[in-house]
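Given next are the chains, with one letter for each unit.
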Amino acid sequence: MRAALIGACLLLFAGPVAAVQPDEVLDDPVLEERARELSKGLRCLVCRNESIDESNAGLARDLRLLVRERLVAGDTDEELIDYVVDRYGEYVLLNPPASGSTLLLWGAPLALLLLGAGVATAHITRQRRAVPDGLSDAEEARVRELLKAED
Amino acid sequence: MIIELGHFALILAFAVAIAQTVVPLVGAHYRWSGWMAMASPAATIQVLLVGFSFAALTYAFVTSDFSLRLVVLNSHTDKPMLYKISGVWGNHEGSLLLWVLILALFGAAAAWFGQQLPETLRARVLGVQASVGVAFYAFILFTSNPFERLAFPPFNGEDLNPLLQDPGLAFHPPFLYLGYVGLSMAFSFAVAALLEGRVDAAWGRWVRPWTLAAWLFLTIGIALGSWWAYYELGWGGFWFWDPVENASFMPWLIAAALLHSAIVVEKREALKAWTILLAILAFGFSLVGTFIVRSGVLTSVHAFANDPERGVYILAILAIFTGGALLLYAVRAPVMQAKGVFGVVSRESALVANNLLLAVSCFVVFIGTIWPLVAEVAFDRKLSVGPPFFNAAFTPFVIALAALLPLGSILPWKRGGGAHWGKLVPVAVLSVAVAGLIWAMQTGQSLGGPLGVALGVWLVVGAGVDLATRTGRGSVGDRLRRLTRLPGADWGKALAHGGLGITIFGVAGLTAWEQEKIEIMAVGDRMELGRYEVVLEDVSRVQGPNYISTMARMHVYEGGRDIGVLIPEKRIYPVAQMPTTEAGIDNGFLRDVYAVIGDPQQGGGWAVRVYIKPFANWIWGGAIIMALGGLVSLGDRRYRVAGGARRKAPVAGVPAE
C-alpha cells in the first residue's frame, strides 16, 4: 500500500526538477559554454526572477533548447539575443539594454555618486575654512604679549 | 482560552503603546517629569504583553490547535517540532507578531539600559519607538490577525511551505527581524535628537551600539539566508539579487554606513546631520524591505505570503514615518552644529568616502530593485532587472570600498597625511604579487579571481597591520602585551574588516573557479570532475516524517583516495504537494564537492549534477567573522562605563591640530 502511494506520488510530481538536463548539453564544449552564459542573461518568463539556466520550468527548457538550436545553426550572440527579444520582448533580458529610459537606470547611480562626491568635497573644504588653521591675529598678539611678560 | 487571552494581550499592548507615544512626548515638550517617567514602565509592560501574546500563538502551533486559521494554513501534526515552532513566524501574520515583539523588546531594552540618558531624550526615544509600535499593532489587529478562529476546525493542517522546513531558514527570519527592527532604535534616537535639537558625542555613543547590534544581526540573518539558498535550491547559488534579498541587503548597507558615521559623531562631533539622515534612511529601508516582502508588488522567488492590500498599509506606514522624519530633519537639521574640524586627508574624510560609497551602492540596489516597476508605470516598458545588471553595477563599488578601506582605517583622526600609508606599501606589494601568481597559474580566465585574491589579501593583512600599529613602539614583547589589552573596538574593527576581505575572496573564488558537470548516471557509474571522481552507489526511496525522499548515495574519491559519502535527496512533501532538493555536500576548507540528484531518465539512470565549489565556505565564514567583529566591538568597555557620561562641551570649534 505504502509503495503504491509512493509510486503514485512520484508519478504525480515527476516533472523536470533539475535545471539544465543532461540531454540538452551540446557536444561542442565551446558552444555549450556560450549557451550557458547566454542562458544566464535570459529570464524564465513563467518564473519569478529566475534565469532559464536556473529554472526548472518547462518553458525555460524550451527556451534553452531554442538557444542551443540557434547557436548550432551559427548565430552570433547578438543575433541570438535579437531573435529572442523579437519573439518574447525585452522583458526576457535580465540585463536591460542601456537605451532610452533605461539610460536613467544606469545614469542615476553615477549621477548620485558624482553629486555626493561634489557635496562631500565641498563640505570637507568648507568646514576646514570655517575654523582658520593656526592662530588669529588677535591670538598672535596675545601670545606675543604673554611671551614678553615671561622675559 | 489561551488564544483569546493572547489576542486580548495584543490589544492591551496596542493601548499601552498609544499611551507610551502620547504621554512621554507631551511630557518632554513641557518638561513634566511625571509624564516623562511613564515611558519606562510602559515599555516594560508592553514587552510583557506582546511576549504573552507571542507565547500564546506559539502554544497553538506546538499543540497543533487547528481551530486557529493560521495553524491550519501553516502546520501539520506530522511536522517535526522545530518547524512547528518556526512555523509561528513562517507566515505573514506570525512574522508580524514577531516583528512587534522584537520592536517592544528593543524599546524595553532602551528603557532598562538607558537609565543614564538625559530625561527628555529618553522619554522621546521611548515615545517615538512606541509610535512605530502603534502603527504595526494596528496593522496586525485590523488587517492580519493571527488569532482568527475557524468555525469548523479541520482534522489536520495544510503544512508549512517545505522550502521553509529547514534549520537554516528556521532562524533566518528572527535574525533578519532583529536587524530590521534594531534599526528602529537608531531611528527613534534620530527623531528624538531632532526633537531635542541637539546631537553630541554622548548621543553618538548611544546610537552606535544599537546600530552595531542591528547590523550584526542583519549580517547573520543574510548569511543564513544565503547559506540556505546554497544548499537548498539545488544549484549552489549563494546570492540571486532577488527583490527579497535586496530588501535585507539595503538596510545592511545603510546600517554599515551609519555605524561608521556614528563613530565620527562620537569621537569628533562632526557629520552630525548626515548621521541623523542615515539613521532615518536605515529604518526607512527596513520598512521598504518589509513593504517589498509583504506586498508582492515585486515578484520574487520567496515572497511566500503577500497581498497588495496589506502592501498599501505598509506603504502608508513607510510614508508617514520616513516622510515625517525627513520633514522634521529638513526643519531641524541646520541646528546641528559640527564641532570637530578635520583635514582633507584624515580618518574623517576616509569615513565620508566610506559613507558615500555605501550609500550610493545601496542606491544601486534600490533603483535596480524598483526599476521594473518604474519602467512599467512611467515609461510603459515591461522589462526585467536581474543579476547581470547588479553584478555589473554593484561590483565596482565593492572594489572601490575594499581598495580604500585599509588606506582610510590606518589614518589618524583630524589630520593624517600620506606618511601613515608607508606601512601599507608592503601589504599592497604582497596583494599584487599573490594576485599575479594566481593569474599566471590559472591561464586564460577572467580577472575576477585574481582581483578577489588581491582585495582579500589587502583587507586581511591590512587589518592586521592596522591592529599592529595600535600597539605603538617598543620591543615585540611589549607590543604583544599591549595587543592583548587593546580595546574591544580595535579588535572588532580588525575582525570585521578582515571578515569582509574573506567574504570578498570567497565570492570571487567561487565565481571564477567553479566547475560543473551534468551527466546521466546509472547505479555503479563513475563521473570524473577535475581531481575528483564520484561514484553513484545506490538510489533508494525513503519515507521521512512528512515527506518521501529519493535518496542517492555517492562515494567521492580525490586522486583515488576515498574522501567521503554524499547523500543528495529529492524530497516530495505530499501535503503541500511540493518537491524540494537537498544537495549532498562534502564541506572542505578549500572546496565543497556538491552533488544533486535529478530525475530518473527514460533510458534508465538518473540526471546527476556535480559541482566543485572552491572557497564556498569562506563566503559565510567571512560573514561570521564580520558579525563576530561587531560583537567584540559591542563589548567595548566604553559602552558600559561611559555610556551615559557627557563630555563637557568645548566652547568653540576645535582647530585641526
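Residues numbered from 1 in each chain as written. Chains lettered and ligands numbered in written order. Predicted model: local features only at pLDDT ≥ 70, side-chain atom pairs only at ≥ 80, totals over all residues.

- Under the annotation held in an unreviewed UniProt entry, chain B carries the name C-type cytochrome biogenesis protein CcmF and is attributed to Jannaschia pagri.
- As recorded by UniProt, the Sequence similarities (unreviewed entry) comment attached to chain B reads in full: "Belongs to the CcmF/CycK/Ccl1/NrfE/CcsA family."
- The Function (unreviewed entry) field of the UniProt record for chain B holds the comment "Required for the biogenesis of c-type cytochromes. Possible subunit of a heme lyase." (UniProt positions renumbered as here; feature names shortened; annotations may be inferred.)

### Some remarks on the overall build of chain A
Now for step 1: In terms of regular secondary structure, chain A is built from 6 helices and 0 strands.
Now for step 2: The order of helices and strands in chain A, counted from the N terminus, is α-α-α-α-α-α.
Now for step 3: Going through the 151 residues of chain A one by one, you find that 25% of them count as buried.
Now for step 4: Sequence-distant contacts, at least 24 apart, represent 48% of the contacts inside chain A between residues at least 6 apart. (Helix = DSSP H or I, 4+ residues; strand = E, 2+ residues; numbered from the N terminus. Buried ≥ 20, exposed ≤ 12 C-beta atoms within 10 Å, placed from the backbone. Contact = placed C-beta atoms within 7 Å.)

### Structural notes on the overall build of chain B
Now for step 1: Summing up its helical and strand segments, chain B has 21 helices and 10 strands in all.
Now for step 2: The C-alpha radius of gyration computed for chain B amounts to 27 Å, which stays within 12% of the reference 26 Å derived for 657 residues, consistent with globular compactness.
Now for step 3: Principal-axis analysis of the C-alpha atoms places the extent of chain B at approximately 85 × 75 × 55 Å.
Now for step 4: For chain B, the residues scored as buried account for 55% of the 657 residues in total.
Now for step 5: Taking all contacts inside chain B whose residues are at least 6 apart in sequence as the whole, residues at least 24 apart take part in 75%. (Rg over C-alpha atoms; globule rule 2.2 N^0.38 Å.)

### Remarks on the pairing of strand β10 (residues 606–614) of chain B
All names here are of chain B.
Now for step 1: Across the 9 residues of β10, 8 count as buried, placing the element largely inside the fold.
Now for step 2: Pairing geometry for strand β1 (residues 515–521) and β10, over 7 bridges, is antiparallel. By the bridge assignment, Ile518 is partnered in β10 with Arg609.
Now for step 3: Bridging between strand β9 (residues 591–600) and β10 involves 8 bridges; their strand directions are antiparallel. The residue bridging Asp592 from the neighbouring strand is Lys613, located in β10.
Now for step 4: Linking β9 to β10, which pair antiparallel, is a turn of 5 residues; within it Gly604 sits at a positive phi near 90°. (Pairing = 2+ DSSP bridges.)

### Considerations on the domain arrangement of chain B
Residue and element names in this part refer to chain B.
Now for step 1: On domain assignment, one finds that chain B holds domain 1 (1–160), domain 2 (161–340) and domain 3 (515–616).
Now for step 2: Once you take the C-alpha centre of each, domain 1 and domain 2 turn out to be 20 Å apart.
Now for step 3: Counting residues at the interface gives 27 residues for domain 1, matched by 26 residues for domain 2.
Now for step 4: The element that contributes the greatest number of residues to the side of domain 1 that touches domain 2 is helix α7 (residues 119–143), accounting for 10 residues.
Now for step 5: Within the side of domain 1 that touches domain 2, the residues separate by chemical class into 17 nonpolar, 9 polar and 1 charged. (Domains from an automatic or database assignment. Nonpolar A, V, L, I, M, F, W, Y, C, P; charged D, E, K, R; others polar.)

### Quick notes on the interface of chain A and chain B
Now for step 1: Contact with chain A, which involves 41 residues of that partner, is made by 50 residues of chain B.
Now for step 2: Of all the elements in the fold, those that place two or more residues in the side of chain A that touches chain B are α1 (2–13) and α5 (102–130) of chain A.
Now for step 3: A total of 12 residues in the side of chain A that touches chain B trace back to one element, the largest contributor, which is α5 of chain A.
Now for step 4: Of the residues in the side of chain A that touches chain B, the class split is 25 nonpolar, 9 polar and 7 charged.

### Here's the deal with the packing of helix α15 (residues 387–409) of chain B against helix α17 (residues 448–469) of chain B
All names here are of chain B.
Now for step 1: It is at 9 Å that the axes of α15 and α17 come closest, and there the two elements cross at 15°. Between α15 and α17, the angle falls in the class roughly parallel. Between α15 and α17 lies a crossing whose hand is left-handed. Every residue of α17 that contacts α15 at Ile399, Ala402, Leu405, Pro406 and Ser409 is listed here: Leu455, Trp458, Leu459, Gly462 and Asp466.
Now for step 2: Looking at the contact of α15 with α17 residue by residue, the classes come out as 7 nonpolar, 2 polar and 1 charged. (Axes fitted to C-alpha atoms, helices over the stretch in contact; angles between N-to-C directions. Parallel < 35°, antiparallel > 145°, perpendicular 65-115°, else oblique. Left-handed = near helix turned anticlockwise from the far one by under 90°.)

### Focus: the environment of Asp586 of chain B
Residues and elements named next belong to chain B.
Now for step 1: Locating Asp586 in the fold gives a position in strand β8 (residues 584–586).
Now for step 2: Overall, Asp586 belongs to the partly exposed group, with 18 C-beta atoms counted inside 10 Å.
Now for step 3: Distance in space between the C-alpha atoms of Asp586 and Val565 is 7.5 Å, their sequence separation being 21 residues.
Now for step 4: The contact partners of Asp586, leaving out residues within four places of it in the chain, are Val556, Ile563, Gly564, Leu566, Asp592 and Val593.

### Looking at the packing of α15 of chain B against helix α19 (residues 488–513) of chain B
The description of two packed helices rests on the angle between their axes and on the distance between the axes.
All names here are of chain B.
Now for step 1: Following both chains from N to C, one finds α15 and α19 inclined at 150°, their axes separated by 12 Å at the closest point. Here α15 is positioned roughly antiparallel relative to α19, judged by the angle of their axes. Seen along the crossing, α15 lies across α19 with a hand that is left-handed. Only Lys493, His497 and Ile504 of α19 make contact with α15, whose side of the interface consists of Val398, Ala402, Leu405 and Ser409.

### A look at the nonpolar core
Now for step 1: Ranked by internal contacts, the top residues of the largest apolar core, which has 230 residues, are Val100, Ala186, Phe189, Ile254, Ala255, Ala279 and Ala282 of chain B.
Now for step 2: Among the elements that line this core, the one with the most residues is helix α10 (residues 201–232) of chain B, at 20 residues.
Now for step 3: In this structure Ala255 of chain B touches Leu183, Thr211, Ala214, Trp215, Leu218 and Ala282 of chain B, once residues within four positions along its chain are discounted.
Now for step 4: In this structure, Ile52, Val67, Leu71 and Leu93 of chain A belong to the second largest nonpolar core, which totals 13 residues. (Core = buried A, V, L, I, M, F, W, Y, C linked by C-beta atoms within 7 Å.)

### Here we look at the sheet that holds β8 of chain B
Residues and elements named next belong to chain B.
Now for step 1: An order of β1-β10-β9-β8 is seen for the 4 strands of this open sheet, with the pairing classed as antiparallel. Whereas interior strands pair on both sides, the edge strands pair on one side only; in this sheet they are β1 and β8. Sheet twist, expressed as the average angle between the axes of neighbouring strands with direction ignored, equals 15°.

### Concerning α19 of chain B
Now for step 1: Between its terminal C-alpha atoms α19 of chain B stretches 37 Å, which fits the 38 Å expected from 26 residues at 1.5 Å a residue.
Now for step 2: Here α19 of chain B lies mainly inside the structure; 22 of its 26 residues are buried. (Expected span 1.5 Å × (residues − 1).)

### As for the environment of Leu424 of chain B
All names here are of chain B.
Now for step 1: In this structure, Leu424 sits in the loop between α15 and α16 (425–442).
Now for step 2: A sequence separation of 37 residues divides Leu424 from Val461, and the C-alpha atoms of the two residues are 9.1 Å apart.
Now for step 3: In contact with Leu424, other than residues within four places in its own chain, are Pro406, Leu407, Ile410, Gly462 and Val465.

### A word on the environment of Ala170 of chain B
Now for step 1: Looking at the secondary structure, you find Ala170 of chain B in helix α8 (residues 167–170).
Now for step 2: Sequence separation between Ala170 of chain B and Ile85 of chain B is 85 residues, and the spatial gap between their C-alpha atoms is 8.6 Å.

### Description of the pairing of strand β4 (residues 548–558) of chain B
Working note: regular strand, side chains alternate between the two faces of the sheet.
Residues and elements named next belong to chain B.
Now for step 1: Pairing of strand β3 (residues 532–543) with β4, which is carried by 11 bridges, proceeds in the antiparallel orientation. Paired with Val535 across the strands is His555, a residue of β4.
Now for step 2: Counted between consecutive antiparallel strands, the loop separating β3 from β4 contains 4 residues.
Now for step 3: Here β4 pairs with strand β6 (residues 569–573) via 4 bridges, running antiparallel. Each residue of the ladder has a partner; that of Thr550, found in β6, is Lys570.
Now for step 4: Relative to strand β5 (residues 561–566), β4 is paired through 5 bridges, and the arrangement is antiparallel. Its bridge partner lying in β5, Val556 is registered against Gly564.
Now for step 5: The turn joining β4 and β5, which pair antiparallel and follow one another in sequence, is formed by 2 residues; a positive phi near 55° is taken by Gly559.

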